[in-house]
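# An overview of the molecular structure
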Amino acid sequence: MAEKLLEIKNLKQYFNQGKPNEVRAVDDISFDIYKGETLGLVGESGCGKSTTGRTIIRLYDATDGQVIYDGINVHDKKSKNDLKTFNRKMQMIFQDPYASLNPRMKVLDIIAEGLDIHGLVKNSKERKERVVELLETVGLNREHADRYAHEFSGGQRQRLGIARALAVNPEFIIADEPISALDVSIQAQVVNLLKELQEEKGLTYLFIAHDLSMVKYISDRIGVMYFGKLVELAPAEDLYNNPMHPYTQSLLSAIPLPDPNYERTRVRKSYDPTSHNYQDGEEIAMREVTPGHFVYCSEKEFATLQAISN
Ligand SMILES: Nc1ncnc2c1ncn2[C@@H]1O[C@H](COP(=O)(O)OP(=O)(O)OP(=O)(O)O)[C@@H](O)[C@H]1O
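Residues numbered from 1 in each chain as written. Predicted model: local features only at pLDDT ≥ 70, side-chain atom pairs only at ≥ 80, totals over all residues. Heavy atoms only, no water.

## Focus on the pattern of salt bridges
Summed over the entire model, instances satisfying the criterion amount to 16 salt bridges. In this structure, the salt-bridge partner of glutamate 37 is arginine 221, at a minimum N-O distance of 2.6 Å. Of the two residues, glutamate 37 sits in the loop between β2 (23–34) and β3 (38–42) while arginine 221 sits in strand β9 (residues 221–226), which places them 184 residues apart along the sequence. Salt-bridge contacts for arginine 130 lead to glutamate 133; the nearest nitrogen and oxygen are separated by 2.9 Å. Taken together, the residues span about one helical turn, with arginine 130 and glutamate 133 both in helix α4 (residues 124–137) at a distance of three residues. Classification of glutamate 133 as partly exposed rests on a relative accessible area of 45%. (Salt bridge = Lys/Arg side-chain N within 4 Å of Asp/Glu carboxyl O. Helix = DSSP H or I, 4+ residues; strand = E, 2+ residues; numbered from the N terminus. Buried < 20%, exposed > 50% of the residue type's maximum accessible area, 1.4 Å probe, protein only.)

Written out as structure tokens, the structure reads:
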């Protein structure tokens, strides 16, 4: 079994906590990511995917819970001395490559920023050569170093975003909807580039997206989020062939979710998806129904799902 690289334990991210406009963007989720794998995270707009990624990488302080990366408890003040390492090892690629690239800086300086921050180059010659190497890695070239981000197409900008992330030799990349803003043909190029880089450099990815087919293509395992909860987590093929949570089923069949009280499946008569509560008050949690296939369900449903699956 591959080594566990990232552990998310009971992570919560509430905005405006305790106020009438409180949003439980991430509501007590737990999962692990293993070295070298790609975990896809899907779910409809507003379900908490980006907030999960942003909290993992410490753009937000966690409301509660733990993010443990390679032994570093990243939201714990006691880990202060290890955060520089964490900040280098974990990088993020954003949905809108243009908004995330400073329009006033040349590509050379955008990509070299991380090299400078982490003291990874000795002089300007080495700095330029490293940037050129990175540009070539993502399918661009030396001439591009002296241009500005607005001079590039959407796909090229995303390549710049990837080059910037790679500059500091990361181990783990959170790709937050990296292809959503791109044309379909360009989406495939960027996904293939990410796959190649993973093989070459042994990277680990958290790949956040709406598009299920692309997520299936790139991911080893897929997690499904719904109203801030992780409702299902399974190997990609297994999730597609045997979705067990009604929300995953509705996503895969492209059928809109029915009224919360609708009896969607035999095993979920009492589930209220808007409150994440069972009307009969049963405790619900992520339970492993078949090896590696986790479903957010009650004890009673768990038994039924297991019986159906065997
Ligand atoms: N800074 C913030 N302050 C208050 N609420 C926020 C903030 N950021 C996100 N939210 C809310 O948290 C919830 C989750 O948002 P998030 O962006 O994580 O969802 P998402 O699944 O990534 O959506 P999308 O696919 O549209 O990017 C939403 O209800 C959103 O409005």
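## What to know about the confidence of the model for the protein chain
For the protein chain, per-residue confidence averages 86 on the pLDDT scale, and residues scoring 70 or more make up 90% of the total. Counting interchain partners and residues more than four positions distant, the pLDDT-below-50 stretch residues 258–276 has 47 contacts. (pLDDT = per-residue confidence, 0-100. Contact = heavy atoms within 4.5 Å.)

## A closer look at the sheet that holds strand β13 (residues 284–290)
The eight strands lie next to each other as β6-β7-β8-β3-β9-β10-β14-β13, forming an open sheet whose pairing is mixed. Edge positions in the sheet fall to β6 (90–93) and β13, since each of these pairs with one other strand and no more. Sheet twist, expressed as the mean angle between neighbouring strand axes with direction ignored, is 25°. Pairing between β6 and strand β7 (residues 172–176): four bridges, direction parallel. Opposite methionine 90, over in β7, you have phenylalanine 172 as the bridge partner. Against the sheet, helix α9 (residues 246–253) touches β3, β9 and β10 (229–235), its axis set at about 105° to β9. (Pairing = 2+ DSSP bridges. Axes fitted to C-alpha atoms, helices over the stretch in contact; angles between N-to-C directions.)

## Some remarks on the environment of histidine 118
With respect to the secondary-structure elements, histidine 118 resides in the loop between α3 (107–117) and α4. In this structure histidine 118 comes out as buried when scored by relative accessible area, which is 17%. Sequence-distant contacts of histidine 118, that is, excluding residues within four places in its chain, are made with Lys84, Asn87, Arg88 and Val168.

## Some points on the packing of aromatic side chains
Applying the stated rule across the entire model yields five aromatic pairs. Centre to centre, the rings of tyrosine 226 and phenylalanine 227 are 4.9 Å apart; their planes meet at 75°, and the pair counts as edge-to-face. Judged by relative accessible area, which is 42%, phenylalanine 227 ranks as partly exposed. Judged by centre distance (4.1 Å) and plane angle (20°), the ring pair of tyrosine 226 and tyrosine 247 falls under stacked. Here the residue tyrosine 226 occupies a position in strand β9, and tyrosine 247 occupies one in helix α9, the gap between them amounting to 21 residues. Each member of the pair, tyrosine 226 together with tyrosine 247, is buried. (Phe/Tyr/Trp six-rings, centres within 6.5 Å; stacked < 30°, edge-to-face > 60°.)

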